[in-house]
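Examination of the molecular architecture
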Amino acid sequence: MSKRAFLIFSLIFSLSGICFAGENNNLRTMFLNNQTNIMGINIRTFNAKDLNGNEIIDENEESGNFINAVERLNEIKGLGINTLHLLPITPVGKLKALGTAGSLYAISDFSSINEQLVDKNSKLSPEEQAEFFIKECHKRGIKVIIDLPSCGSYDLYLKSPELFIKDDKNISIVPTDWTDVRLLNTGNNNKLNHDVFDVHKKFIDMVLRLGADGIRADVATIKPSRFWTEIINYARSKDPEFMFLAEASDSWREPPSQYAEFTPYDELLKAGFDGYYGSFFNLKDWNANEFIEHIKFNNKLLKNYSEPKSVIMSFSTHDEVSPVILHGDVFSVMIAWLEGTLPFNPYAIDGLPYGDKYIYPWANGKAARTETDDDTYFVHRGKLDIFNFSRCPKGGQYGINKKVLDNFKRAYQFRNDNIDIITQGEFSQIKTKDEKVFAYMVTEKCKNPERIIVLGNLDFKNTKNNIKVKIPKLNKTSQIEFVQGDGSLKIHRNKLYTSLTPGEIEVVKINY
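The sections below set out a description of the structure shown in this document. (Residues numbered from 1 in each chain as written. Predicted model: local features only at pLDDT ≥ 70, side-chain atom pairs only at ≥ 80, totals over all residues. Heavy atoms only, no water.)

1. Observations concerning the nonpolar core
Heads up, the rule is: What makes a nonpolar core is a set of buried Ala, Val, Leu, Ile, Met, Phe, Trp, Tyr and Cys residues whose side-chain atoms join them at distances within 4.5 Å. For every residue, the accessible area obtained with a 1.4 Å probe (protein chains only) is divided by the maximum for its type, and the residue is called buried under 20%, exposed over 50%, and partly exposed between those limits. We call two residues contacting when some pair of their heavy atoms lies within 4.5 Å.
If you look at the biggest cluster of nonpolar residues, it comprises 131 residues, and the most contacted ones within it are L84, F133, W228, F291 and F438. When sequence neighbours within four positions are dropped, the list of residues in contact with W228 reads L148, A217, A220, K223, L268, A271 and F273. Of all hydrophobic cores here, the second largest spans 15 residues; its members include I467, V469, L496 and L500.

2. Examining the pairing of strand β10 (residues 345-349)
Heads up, the rule is: The helix count covers DSSP runs of H or I at least four residues long, the strand count covers runs of E at least two residues long, and both are numbered beginning at the N terminus. Each pair of strands is called paired provided DSSP finds at least two bridges between the two strands.
The buried count for β10 comes to five of five residues, which makes it a mostly enclosed element. Burial along β10 is two-sided: N345, Y347 and I349 facing one way and P346 and A348 facing the other are all buried. Pairing between strand β1 (residues 38-41) and β10: three bridges, direction parallel. For I38, the partnering residue across the bridge sits in β10 and is Y347. Relative to β10, strand β9 (residues 310-313) is paired through two bridges, and the arrangement is parallel. Opposite I312, over in β10, you have N345 as the bridge partner.

3. Some details on the packing of aromatic side chains
Keep this limit in mind: Pairing of aromatic side chains requires ring centres within 6.5 Å, counting the rings of Phe and Tyr and the six-membered ring of Trp. Pairs whose planes differ by under 30 degrees are stacked, by over 60 edge-to-face, and all others tilted. For a lysine, the NZ atom is tested; for an arginine, the CZ atom; a charge sits over a ring if that atom is within 6 Å of the ring centre and within 35 degrees of the ring normal.
For the structure on display, the rule yields 24 aromatic pairs. Plain terms: the ring middles of F427 and Y440 are 5.3 Å apart, the flat faces sit at 35 degrees to each other, and that makes the pair tilted. On the criterion of sequence distance, the pair formed by F427 in strand β11 (residues 426-429) and Y440 in strand β12 (residues 437-443) is long-range, its members being 13 residues apart. Neither residue differs from the other here; F427 and Y440 are each classed as buried. On the numbers, 6.2 Å between centres and 15 degrees between planes, the contact of F438 with Y440 is stacked. A residue is classified by how much of its surface remains accessible, and Y440, at 0% relative accessible area, is buried. Through successive ring pairs, a cluster of aromatic residues spans F280, W286, F291, F315, F344, F427, F438 and Y440. In this structure, R72 is placed above the aromatic ring of F46, and the distance from its NZ or CZ to the ring centre is 4.2 Å.

Structure below.
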């Protein structure tokens, strides 16, 4: 089906009055049109109440839950976010655990809600609380996708060993260094393990009951393509607009264990996923040409399928170190403006808009109390905490970085104001002579097009880089809007001159 045919079908379907579980859901269409601005959040920390400021949620304090999370939804809407990715909301394992609350990705039950995420004072059941939160999101025009963990906890293994792969000595498999989980036995393309398939169907049933709009599949590469095709078809039979996002990257080459299946990103897209992660998280290590080539790669890749596909700009995820730690606040600013101007779906992890460094003073020390068999505050330095009852990710001891927050809001507002140019325009590279400086242009498809021009300096250490680039058809009558930059940008004849400081990004809009 062509992209145009798909969109026509979606429009006809939405007007037909047919009722499914997600009758008001149009997330899949939004995503395939690159119109989802996604934020990943951990409900356990999202609106945690750290009253004494020690950055851990003590016994007399309130951790994040589905009820108090509603308090932040207007704020999130104000950032320009229209889709929330909820990191796993399923119960977590307590044995051989990491951290005092347990990793969100050590799933111990596929068909119920994590009790850690519920308000104990509410009369609503755990599932009703989750449903209430999602309804409040929908009232504000915010879609919700829910994370599906890829492996099972050790607790689940002890309860249901038939769900897991075992080696020659009948021992369960620990994939890579994920010591708190065990590898599920999904089977292969010739023969699926229906015990595992059935618990995943129960997960889909629960997510649909809650009213969610899609799922993000954690490490989707370790399950066979047939498994995903059947799961996706099952969900879409109930809600045709239910979106599926694969955690997969074109840079992933092998599975996390010799016992695991490996389905590469392109096969996952063929299996029915609407999109994947790409490798945008490698920006921290790329030169300008590598970055531009990855944009071109995705533009070309996503046109190779019979049905529409897209990708998220995964510059920041819960697996990535804070951009502020990597290259200072200028890197967070750069990421915000890239997401504001590139023709893919923006993705930000909670804390990024506030310049959070995810540095916790108690990290990896002994805990006063724990809900697991781990009495250490295990954390990944510089990454969103998914292991403990920690503070809300809005700066902590360092406070909110106002420069980062202002640029995030302005970049996302710019994207929303220029969404047609950005998502439907023509992307093209502008050549520069500096290997660390990228430049690109997005051109409106019409007789007298508007153009958005972006220049960025991936050299975060050295002094200013003087840049000169040629802009087609630029002349004296061209109207120039300086959107982002320090004001050093000049235009003479058909050339643009600027001096970029380390990590600086500049954006201009030209009307002919």
